[in-house]
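Architecture at a glance
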Amino acid sequence: DEYRKYSESARTAGDARGEIAGLHGHGMALRALGRFHEAISVLQAALTLLRDGEEAEWEAPVRVSLGLVFYSAGRLQDAVEAFEAVLNSPIPSLRDDPYAQNGLGLACRLSGQPERAMSLFTQSLVGLRARRDRRAEASALSNIAAVHLLDWNDTGEARRNLELAAAAQEELGDLHGLG
C-alpha cells in the first residue's frame, strides 16, 4: 500500500520516474501476495509511462518484473515475451541484462529447453557476478543446479552449484532464499 501511495504522490508532483518506481514496487508487492492479475495491471501501467527520457532506466526492471509475474502466474509465453523484450531491446545496454537472461532461462527450462536454459543461466551468472549481486547469483546457481539435477540427472554438478549458491546466501546471512 505504501508503494501505491508513493506512486500517487509522485504522479501528483509530475514525477514520472517516481511514479514508475512506486508502481514497480507495488506490482512486486502484489506478486509476493500472489495477486498476479493485479500485479500485471500495475506493472503494465508502469510500462505506459516509459519514454526515451530519464524514465528509460526503468524499462528493464519493469519488464523483468512483469516477466516474473507472468512466470509465477503460469503464463510462460507472456513471460518469454517480457524477458525477450529486454534482451531484444533497441537500447544496447539492455540486451545483456542478466536478470532478463535468468528469467528467460526459467521459462525455457519449464518449456522443455534445458540447453537454452543452461546457456541463459550461465550468461546471467557472468553478468550478476560483474554486478556483485550475490542474491541473484545464488538464484542463478540454484537454477543451474536444477537443470543438472532434474533435466540431466547430473547429481555431482547439481551439488556443486547448490554449494556455491549456499555460500553466496550464507554471505548475505540468508539461507531462506535458496531454491
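See the structure printed just above.
**Things to note about the overall build of the protein**
Within the protein, the secondary structure is distributed over nine helices and zero strands. For the protein, the α and β elements follow one another from N to C terminus as α-α-α-α-α-α-α-α-α. Relative to the compact-globule value of 16 Å for 179 residues, the protein shows a C-alpha radius of gyration of 17 Å, a close match. Counting only C-alpha atoms, the protein reaches 55 × 35 × 30 Å along its principal axes.

**Remarks on the nonpolar core**
In this structure, Ile20, Val62, Leu66, Phe70, Val86, Leu104 and Phe121 are the most contacted members of the largest nonpolar core, which totals 44 residues. Sorting the residues of this core by element identifies α2 (16–32), α3 (36–48), α4 (59–72), α5 (76–87), α6 (98–110), α7 (114–131), α8 (134–151) and α9 (155–171) as the ones contributing at least two each. Sequence-distant contacts of Leu66, that is, excluding residues within four places in its chain, are made with Ile40, Leu43, Gln44, Leu47 and Ala82.

**So, unusual backbone geometry**
Phi angles above zero are rare outside glycine, and Arg132 is one such case at about 60 degrees. Topologically, Arg132 is positioned in the loop between α7 and α8. Although it is not a glycine, Asn153 sits at a positive phi angle of roughly 55 degrees.

**Here we look at the side chain of Glu19**
Mapped onto the secondary structure, Glu19 falls in helix α2. Classification of Glu19 by relative accessible area gives buried; the value is 9%. Side-chain polar atoms of Glu19 contact the side chain of Arg11, separated by 2.7 Å. Residue contacts for Glu19: discarding those within four places in its chain leaves Ser7, Ala10, Arg11 and Leu49.

**Quick look at the side chain of Ser7**
You can see Ser7 is positioned in helix α1 (residues 2–12). Once residues within four sequence positions are removed from consideration, Ser7 is found in contact with Glu19, Gly22 and Leu23.

**Overview of the environment of Ala21**
Considering the arrangement of structural elements, one finds Ala21 in helix α2. Considering only alpha carbons, one finds Ala21 and Ala46, 25 residues apart in sequence, at a separation of 8.2 Å. Contact partners of Ala21, with chain neighbours within four places excluded, come to Tyr6 and Trp58.

**Overview of α5**
Helical periodicity: at 3.6 residues per turn, an α-helix aligns residues three or four positions apart in one direction. A rise of 1.5 Å per residue sets the reference length of α5, with its 12 residues, at 16 Å; its end C-alpha atoms lie 16 Å apart and thus fit the reference within 8%. Taken together, the buried positions of α5 are Ala79, Val80, Ala82, Phe83, Val86 and Leu87. Buried positions in α5, seen along its axis, are confined to an arc of 165 degrees and lie on one side of it. Buried residues belonging to α5 abut α4 and α6.

**Some thoughts on the packing of α8 against α9**
In the contact formed by α8 and α9, the axes pass within 8 Å of each other and the chain directions differ by 165 degrees. As far as their axial angle goes, α9 and α8 are roughly antiparallel. Crossing hand, α8 versus α9: left-handed. Along the contact surface, α8 presents Arg134, Arg135, Ala138, Leu141, Ser142, Ile144, Ala145, His148 and Leu149, while α9 presents Thr155, Glu157, Ala158, Asn161, Leu162, Leu164, Ala165, Ala167, Ala168, Gln169 and Glu171. Grouping the amino acids of the contact of α8 with α9 by side-chain chemistry returns 11 nonpolar, five polar and four charged.

Reading the values: rules and limits
- Residues numbered from 1 in each chain as written.
- Predicted model: local features only at pLDDT ≥ 70, side-chain atom pairs only at ≥ 80, totals over all residues.
- Heavy atoms only, no water.
- Helix = DSSP H or I, 4+ residues; strand = E, 2+ residues; numbered from the N terminus.
- Rg over C-alpha atoms; globule rule 2.2 N^0.38 Å.
- Core = buried A, V, L, I, M, F, W, Y, C linked by side-chain atoms within 4.5 Å.
- Buried < 20%, exposed > 50% of the residue type's maximum accessible area, 1.4 Å probe, protein only.
- Contact = heavy atoms within 4.5 Å.
- Polar contact = N/O pair within 3.5 Å; in protein donor to acceptor, adjacent residues only side chain to side chain.
- Expected span 1.5 Å × (residues − 1).
- Arc of directions from axis to C-beta.
- Axes fitted to C-alpha atoms, helices over the stretch in contact; angles between N-to-C directions.
- Parallel < 35°, antiparallel > 145°, perpendicular 65-115°, else oblique.
- Left-handed = near helix turned anticlockwise from the far one by under 90°.
- Nonpolar A, V, L, I, M, F, W, Y, C, P; charged D, E, K, R; others polar.

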